[in-house]
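Each chain is listed here by its residues.
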2 protein chains.
Amino acid sequence: MAEAMDVAQKAQRVVPVALDARSYEIVIGRGVLADANARLAALGARAAAIVTDEHVGSLHAPALTAMLERAGLRASVISVKPGEATKAFSTLEHVCGAILDARIERGDLVIALGGGVVGDLAGFAAAIVRRGIRFVQVPTSLLAQVDSSVGGKTGINAPQGKNLIGAFHQPSLVLADTALLDTLPLREIRAGYAETVKYGLIDNPAFFDWCDANWPGIYGGGPEREHAVEIACRAKAAIVARDERETGDRALLNLGHTFGHALERVTGYDSTRLIHGEAVALGMAQAFRFSVAQGLCDPRDAERVEAHLREAGLPTRLADIPGGDMPGGIGSVDDLLGAMAQDKKVVGGALTFILARGIGASFIAKGVPADDVRAFLAQELAGSNGA
Amino acid sequence: MAEAMDVAQKAQRVVPVALDARSYEIVIGRGVLADANARLAALGARAAAIVTDEHVGSLHAPALTAMLERAGLRASVISVKPGEATKAFSTLEHVCGAILDARIERGDLVIALGGGVVGDLAGFAAAIVRRGIRFVQVPTSLLAQVDSSVGGKTGINAPQGKNLIGAFHQPSLVLADTALLDTLPLREIRAGYAETVKYGLIDNPAFFDWCDANWPGIYGGGPEREHAVEIACRAKAAIVARDERETGDRALLNLGHTFGHALERVTGYDSTRLIHGEAVALGMAQAFRFSVAQGLCDPRDAERVEAHLREAGLPTRLADIPGGDMPGGIGSVDDLLGAMAQDKKVVGGALTFILARGIGASFIAKGVPADDVRAFLAQELAGSNGA
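Because the structure is predicted, anything quoted here is derived from the model rather than measured.

Participant: What should I look at first to understand the overall build of chain A in this one?
Facilitator: Each helix and strand in chain A was counted, giving 14 helices and 11 strands. Radius of gyration (C-alpha) of chain A: 20 Å, near the 21 Å computed for a compact globule of 387 residues. Relative to its full complement of 387 residues, chain A shows a buried share of 62%. Accessible surface computed for chain A: about 13700 Å², of which carbon and sulfur atoms make up 53%. Side chains of chain A give 38 positive and 45 negative charges; the mean places of these two sets differ by 5 Å.

Participant: Would you explain helix α5 (residues 116-128) of chain B in this entry?
Facilitator: Because each turn of an α-helix spans 3.6 residues, side chains separated by three or four positions in sequence point in the same direction. Residues and elements named next belong to chain B. Helix length check: α5, at 13 residues, gives a terminal C-alpha distance of 18 Å against a target of 18 Å (1.5 Å per residue), a fit within 8%. Of all 13 residues in α5, 13 are buried, a share of seventy percent or more. Taken from the residues just after α5, Arg130 is the one with a positive phi, measuring 55°.

Participant: Whenever I open this one, the relation of the copies chain B and chain A confuses me. Can you help?
Facilitator: Superposing the two chain copies requires a rotation about an axis and a translation along that axis. Superposing chain B onto chain A takes a rotation of 180° combined with a translation of 0.0 Å along the rotation axis, leaving an RMSD of 0.0 Å. The relationship between the two copies is best expressed as a two-fold rotation axis. Across chain B, the rotation axis passes nearest the C-alpha of Phe89 of chain B, at a separation of 3.8 Å. A shared binding surface is used by both copies, with 100% of the interface residues of chain B retained as interface residues in chain A.

Participant: Sorry if this is basic, but what is going on with the interface of chain B and chain A here?
Facilitator: Reports often express the size of an interface as the amount of accessible area lost when the parts come together. Each partner contributes to the interface: chain B provides 37 residues, whereas chain A provides 37 residues. In this structure, the connection of chain B to chain A is made through 0 salt bridges. The interface formed by chain B and chain A holds 10 residue pairs in polar contact (both at pLDDT 80 or more) in total. Going through the elements one at a time, α4 (89-101), α5, β7 (153-158) and β8 (161-168) of chain B are the ones with two or more residues in the side of chain B that touches chain A. Looking at the side of chain B that touches chain A element by element, the count peaks at 7 residues for α4 of chain B. A per-class count over the side of chain B that touches chain A returns 16 nonpolar, 8 polar and 13 charged.

Participant: Got a minute to help me understand helix α7 (residues 186-203) of chain A in this structure?
Facilitator: Compared with the 26 Å implied by 1.5 Å per residue over 18 residues, the 27 Å span of α7 of chain A between its first and last C-alpha is a close match. By the criterion of burial, α7 of chain A is predominantly enclosed, with 13 of the 18 residues buried.

Participant: Just checking my understanding: could you explain the domain arrangement of chain A for this structure?
Facilitator: Residue and element names in this part refer to chain A. In terms of domain boundaries, chain A breaks down into domain 1 (2-183) and domain 2 (242-384). The C-alpha centroid of domain 2 is placed 30 Å from the C-alpha centroid of domain 1. Between domain 1 and domain 2, the contact holds 15 residues from the first and 13 residues from the second. Interface area for domain 1 against domain 2, summed over the two sides, is near 1300 Å², with a carbon-plus-sulfur share of 50%. Looking only at domain 1, the three residues that lose the most surface to domain 2 are Lys153, Lys162 and Phe168, adding up to 41% of its buried area. In this assembly, domain 1 and domain 2 are joined by 3 salt bridges. Among the ionic pairs, Glu264 bridges to Lys162, the shortest N-O distance being 2.9 Å. Residue composition of the side of domain 1 that touches domain 2, by class: 6 nonpolar, 5 polar and 4 charged.

Participant: Looking at this structure, I do not really get the sheet that holds strand β3 (residues 47-53) of chain A. What am I missing?
Facilitator: Sheets are built from strands that pair by backbone hydrogen bonding, the pairs being arranged parallel or antiparallel. All names here are of chain A. Read from one edge of the open sheet, 7 strands run β1-β2-β9-β6-β5-β3-β4, paired in mixed fashion. Pairing within the sheet leaves two strands with one partner each, and these edge strands are β1 (13-17) and β4 (74-80). On average, adjacent strands in this sheet sit at an angle of 15° to one another, irrespective of strand direction. Across 4 bridges, the pairing between strand β2 (residues 24-29) and strand β9 (residues 173-177) is parallel. Bridge pairing links Ile26 to Val174 in β9. Those strands touched by helix α3 (residues 54-70) are β3, β4 and β5 (109-114), and its axis lies near 165° from that of β3. Sheet contacts for helix α4 (residues 89-101): β3, β4 and β5; angle to β4, the most-contacted strand, approximately 165°.

Definitions and cut-offs
Residues numbered from 1 in each chain as written. Chains lettered and ligands numbered in written order. Predicted model: local features only at pLDDT ≥ 70, side-chain atom pairs only at ≥ 80, totals over all residues. Heavy atoms only, no water. Helix = DSSP H or I, 4+ residues; strand = E, 2+ residues; numbered from the N terminus. Rg over C-alpha atoms; globule rule 2.2 N^0.38 Å. Buried < 20%, exposed > 50% of the residue type's maximum accessible area, 1.4 Å probe, protein only. Areas by Shrake-Rupley, 256 points an atom, 1.4 Å probe, with all protein chains shown as cover. Lys, Arg positive; Asp, Glu negative; His and termini not counted. Charge placed at Lys NZ, Arg CZ, Asp CG, Glu CD. Expected span 1.5 Å × (residues − 1). Least-squares fit on C-alpha atoms with pLDDT ≥ 70 in both. Contact = heavy atoms within 4.5 Å. Salt bridge = Lys/Arg side-chain N within 4 Å of Asp/Glu carboxyl O. Polar contact = N/O pair within 3.5 Å; in protein donor to acceptor, adjacent residues only side chain to side chain. Nonpolar A, V, L, I, M, F, W, Y, C, P; charged D, E, K, R; others polar. Domains from an automatic or database assignment. Buried area = accessible area lost by both parts, 1.4 Å probe. Pairing = 2+ DSSP bridges. Axes fitted to C-alpha atoms, helices over the stretch in contact; angles between N-to-C directions.

If you want it as C-alpha cells, here you go:
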C-alpha cells in the first residue's frame, strides 16, 4: 500500500490555487481518485454526499463510495439526469433536499462527480445548503478538468440565459483523474479541448503552438493529456487568484463565451446541435474574426486559429451547426444580439467582448458598439446561409 | 427642501457595520426613507428592483418608486404574497426571473421593502442572481429592523427546516424608518419586541432593565422605539463584525431559536398559531428554564424573564400556543427533538444550545446530551397538557 502510494504520488501533478483562507489544491494524474483516501480523510468530515449523473454514477460512484467508506466517511449518492437541462431550479431544489435528507452538516462534504453540469449544480447546492458546505470536485470530463472545476463559479441556467443564477464557492479539493477520460466520447474530448487551447489563445502563444503540434496526444490519452490539464489549470488558477470575483482580468477566461453563450441560447441548449465546448470553439473563431473586422488583429492569426480548430474537429462557422446552413436555422441577427444583451457581462447596456490583437494577445474590450456587432453577425449569417 | 433634510438628519441615528470592503450603515429614525435620495443615489446604480409583498407594497412601494426616480434610478416592483410560505424555492425562482426580466445588472440594486420574509427572500435572490447584486434593506417590521435586516443572513425554508437554504450576503445600506411601524398590528410589534429584548438577555442586563421599564414606549411609538432599535442594531453589528459567518460568537444571537425553530416546525409554520418572534419569546423562556434545569441559572432570573415577556404580551409556555394545551397539540417529545436535530446548529450529531447563567449572561453550550433535552421537553409538555 505504501509503495503503491509512492508510485501514484510520483505520477501526480499538484496545482495550488492561492486564495488565502480558501486556498486549495488541484491534483492531476492517472489514478489520483483511487489514491485520494488520505487527502479526503484530511478534510476532517464525517459524511459526504456524492452528487453525480446517472451515466457517470453508474461508472464511478460505487468505487468512490467504497473509497470514502475506507476513509471513514459515511457516503450517500444523489443522482441527477445527465445534460444541460439539469442546471435548473427544479433539480437544484431536489439536490438541496437530498443533501439535507442525507444529514450533511456544516463540516461535511458535497462531492461533485461528473462533468461541468454536475460540478456547477452540486457546487451551487453546496454553496447554499446551510449557507455553505465544503465541496470537492471530481471532474470526469476534459472540459470540467481544465475549466469548470477550478475557480469556484457555480450555478444554474435561467430562461433568460446560461449561468445567470449562482454563487462563487471555492472547492476544498479538486481531483482531476485523467484516466476517467478514457471512456469519454470523442465529441466530449473535442469540446474539452476547445477550453484547453483557449489558454493559448488568451495569453500563451507558446502553449498554442504546443497544442497545434500535440493535440492528437491529448485526444489519445498520452502523457500530453496530463500536461495540457496541468497548464490549463495553472493558467486558470493564476487568473482566479488575482481576480476571484471577476471584477477585472478574470473576464479573459470568457474568450469565445459571449458569442458561444448566444449560440447555445438560440439553439435552445440542444446538445444534439451544440454542446458548450463546441459553442466556445465557434465563439473563439468568431471573436478572432470580429477582431479582424475591428481592425485589431492580423487576418492570418484568425485563419490559423480557425484552421487549427477545424483540424481538431471543432466547429468554427455557423454553417457547422446542424441546421445552421438553413435560412433562420440559428435565428436572426436580432435573436443573437438579444441573447448576448442578456449575458451577464453587459454593463450599462454596452456590450463587452474578449477580443484579440493576435494569438496569445487577448484583452477585455468594453463598450463595443452594438451596430458593429450587428454588422458582423449579419456577415456571419450571410456566410452560412446566403440570407 | 434643504431645511427639511437638516431636521430629518438630526433625527437620524447611524449605526456602522464594520466588515472591511462589505461595511455599511444602518440609518434609523422617523422619516429616514423619504429623505434617502442622496444615500441611494450615492450607490451609483442605474436601476433598482423593489421586492415587496402585496400588503406592504400597496402601502409604501409607490412612494419608494417615486423617490428612486427622483434619485435618477429606473425602478420596478416585484410583488410576492405575504407570509412565511413565500420563503420557498418556487417564489425564489419567480423573484430571480423577475429581477433578470427587469434587466438589473451587476452594478444595480435589489431593494427589500418588507419584513423578515421579504428581506430574507430578496436578499437571497440578490446574492445569487448574476452571482451577486448589491441590495438595500428597507425593513418595515420591528422584527426586521432590530434583527433580520442586519448581518447578511439571507435564505429560504426547506421542508427539512427553516432557513436551511441561503447565503451570507451583506446589504449595502439599511434604512430603518421607525414611522413605518405605526401601521403594524400589535401582534407584530410584540413579535419584534421579543428579538429586541433578546439583546438584553444575551449580554446587556442594563438594557433588559431599561426594556422592563420602557417597553410601553417602544410599543406606542415614542422615542423609546428609536433608542431600542439603535441599541439592538449596535449589539448585532458588533457581534456580526467579529463573526460574520457564525463560526463562533454570532451563535449567541440564536438565544431562544433552537427551541423556537422547533416549535415553528411542529406547528407547521402556521402563523395563526405562532409567528417567529413569538416562537423566539417562548424559546427564550424555555432556554432560561432549561438553564435552571441544568443547574446553571438562578431560578429567579428565569422567573423574571418569564414575567417580563408575559407582561409584554408574549407566550412563554407551550400551553400559550393555540391548541398547545391539548394532548398532542404541538406534537410529542420525539417530534420536537427531531425538529431540533435538523436545525443547522447541529454539529456531529450533538445538540448546541444558547443557555444562560443569568440575565445578560448567555453562552454557547455545545454537546448538550440529548437525554437531558428529552427530559426537559417531557416536563414542558406535561406542564402544558398533563400528558
